[in-house]
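Coordinate analysis (summary)
Each chain is listed here by its residues.
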Amino acid sequence: MELARNLMVILFTGILTENFILNKFYGICPFLGVSKTTDGAVGMGIAVTLVMTGSSAVTYPIYHYVLEPLGIEYLKTVCFILIIAAFVQTVEMILKKYVPSLYKSLGVYLPLITTNCAVLGVTILNIDNEFGFVESIVNALAGGIGFLLVMVIFSGVRERISRCNVPKALEGTPITLIAASVTSLSFVGFSGIVDGIFGG
Amino acid sequence: MSYMKEFTKGLLKENPNLVMLLGMCPTLAVTTMAQNGLGMGLATTFVLVCSNLVISLLKKVIPDTVRLPCYIVIIAGFVTFVSIMLDSFLPDLAEALGVFLSLITVNCIILGRAEMFASKNKVLPSVLDGLGMGLGFTMSLIVVGAIRELLGTGKIFGFQIAPDFVQPMTIFILPAGGFFTLGCVIAVLGVITKKKPRKISCDSCPSREVCKNTEKKECA
C-alpha cells in the first residue's frame, strides 16, 4: 500500500507539479522545435516516453550491479549516454525491421532523442533520488507523459499564435518563449495538488 | 586577424545561445541567480574548449561513421572531470547546478561546435572558436541571470540593489519568469542587431543528416 501511494505521488508529481518541460526545463529544444503541429508533438512525445522508460530500465541494473560494485560511480555520465545512444539505435533498428508502419511515424524523432537532455536527465535523477527499480520506471513514465501532455497543449497554443498579429520585434522565438511562460504559469496552479490528494 | 574573428564571432554575432538558439535548457534552468549563470557558463566553456581541442586533434583518426558517439564520449569525459572538480572545490555551486552539471554532456552547443567547426578546422582556430562560443554563452547566462535575480529578489550577484520598499517580483525566479526573460532578451538583441533571430538552426543540429526537414529549416 505504501509503495502504491509512493508511486502515485511520483506519477502525479512528474506529470503536473514538477513537469519536465515547464518546471525542470528538460528537453526545451524539441519543445520549441517540434511543437509546431499536433502530429509532430504527439510523435515526439511518445518517442521520448518510450526511450525514457526503456533507458531507465536499462541504466538501473547497470548502475547498481556493475558501476557500484566496481566503485566507478563517477563514470555514470559517460556510461549512461552510451547506453542511451545504443538503446535508441536498437529501438530504431527493431522498429524498422518489424514494425515499419510505426517506424514511419516515429522514426524521424528517434535520432533527435539521443541528445535530448530529458533522457539523460531522468536516468541521473533516478540515481540522485535513490529511487528503486519500479520507482525509477514510474518516474520516467511520469516524466514522459508530462512531456507529451505539455507538447500537445503547447502545439495548440502555437497554432493560435501563428494566426495572430504579433509585434514585429517579438516574431518567431521570443513570442514562443513568452507563450511558454504563460503556459508554465498555468501549471503553477497545480502546486500542492499532489499533497492534497495523497496527504503528503 | 582571422584568428581574432574566430574568437569574436561567438560573442555577439553568432552567439550560440541568443542568436543560434542552442543550449536553451541550462539557460532557463540555472539562471535564477547571476552567480549560477557565471558558474555554469565557465564550466561549459571549459568543456567546450577542451573538447574542441581534442576533437580537432583527432579528426583524422575518428572514422566518419561513428564520429558522433566518439564526440559524445570525449565530451562526457571532460564533463565528468569538471563535475568531480566542482564537487570538491566549489560544492555550493555544484549543488546549485545539480543535474545540469552532468547535462553539459548533451548541451547542443558543444556537440554542434564539434560537428560544425572542430572536425573541419585546425587546432588553434578550434580552441579560439570554443573559447568565443563559451564566453558568448556565459555572457548570455549572466545577462539573463542578472535580470531575473534583480527583478525576482532585488539583488545582483548576491548584493542588494533594489531599495527595501520595492517588493521583489518572485515570479521572475519561478520557471515562468525564465521563459519570459529569455524571450525578452532575444527580442531586444534582435532589435539592437536589426536581425531577426533565426527560427531553429539546423546547421549545428547533430541529427541534420538523418533529418529530412533541413531544407525547410524547421524540426519535424
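To be clear, the structure that these remarks concern was listed above.
Reference entry: report on the structure contained in this document. Every chain is numbered on its own, with residues counted from 1 as its sequence reads. Chain A is the first chain written and ligand 1 is the first ligand written, with later ones labelled in order. For this predicted model, a pLDDT threshold of at least 70 governs which residues receive local features, and a threshold of 80 or more governs which side-chain atom pairs are given and counted, while totals over whole chains, interfaces and linings are taken from all residues. Only hydrogens and water are removed before side-chain values are computed, so all heavy atoms of the structure are retained for them.

**Things to note about helix H4 (residues 76-98) of chain A**
Threshold: For helices the rule is a DSSP run of H or I covering at least 4 residues; for strands it is a run of E covering at least 2, with both sets numbered from the N terminus onward. Multiplying 1.5 Å by the residue count of a helix minus one yields the expected span of that helix. Partly exposed describes any residue whose relative accessible area lies between the buried limit of under 20% and the exposed limit of over 50%, with all areas from a 1.4 Å probe on protein chains only and scaled to the type maximum. Residues are treated as being in contact if the distance between any of their heavy atoms lies within 4.5 Å.
Here H4(A) is 23 residues long and its end C-alpha atoms lie 32 Å apart, about the 33 Å a rise of 1.5 Å per residue gives. Taken together, the buried positions of H4(A) are A:Lys76, A:Thr77, A:Val78, A:Phe80, A:Ile81, A:Ile83, A:Ile84, A:Val88, A:Glu92 and A:Leu95. Lining the buried residues of H4(A) we find helix H3 (38-70), helix H5 (100-106), helix H6 (110-113) and helix H7 (117-128) of chain A together with helix H4 (67-89) and helix H6 (99-102) of chain B.

**Some words on the side chain of A:Asn126**
Residue and element names in this part refer to chain A. Selection rule: Throughout this description, a polar contact denotes any pair of N or O atoms lying within 3.5 Å of each other; where both atoms belong to protein, one of them has to be capable of donating a hydrogen while the other can accept it, and for residues adjacent in sequence the pair is counted only when both atoms sit in side chains.
On the secondary structure map, asparagine 126 appears in helix H7. With a relative accessible area of 4%, asparagine 126 lands in the buried category. For asparagine 126, the side chain forms a polar contact with the side chain of serine 56, separated by 3.2 Å.

**Topic: the interface of chain A and chain B**
Here is the rule: As used here, buried area is the combined drop in accessible area, with a 1.4 Å probe, of two parts when they are placed together. We call Asp, Glu, Lys and Arg charged. Ala, Val, Leu, Ile, Met, Phe, Trp, Tyr, Cys and Pro are nonpolar, and the rest, Gly among them, are polar.
Each partner contributes to the interface: chain A provides 41 residues, whereas chain B provides 41 residues. Interface area lost by chain A to chain B is led by A:Phe25, A:Thr115 and A:Leu177, which between them contribute 17%. At the surface where chain A touches chain B, the tally comes to two residue pairs in polar contact (both at pLDDT 80 or more). At the level of elements, helix H2 (28-33), H4, H6, H7 and helix H9 (173-188) of chain A are the ones that each hand at least two residues to the side of chain A that touches chain B. At eight residues, the largest contribution of residues to the side of chain A that touches chain B is made by H9(A). Looking at the side of chain A that touches chain B residue by residue, the class counts come to 27 nonpolar, ten polar and four charged.

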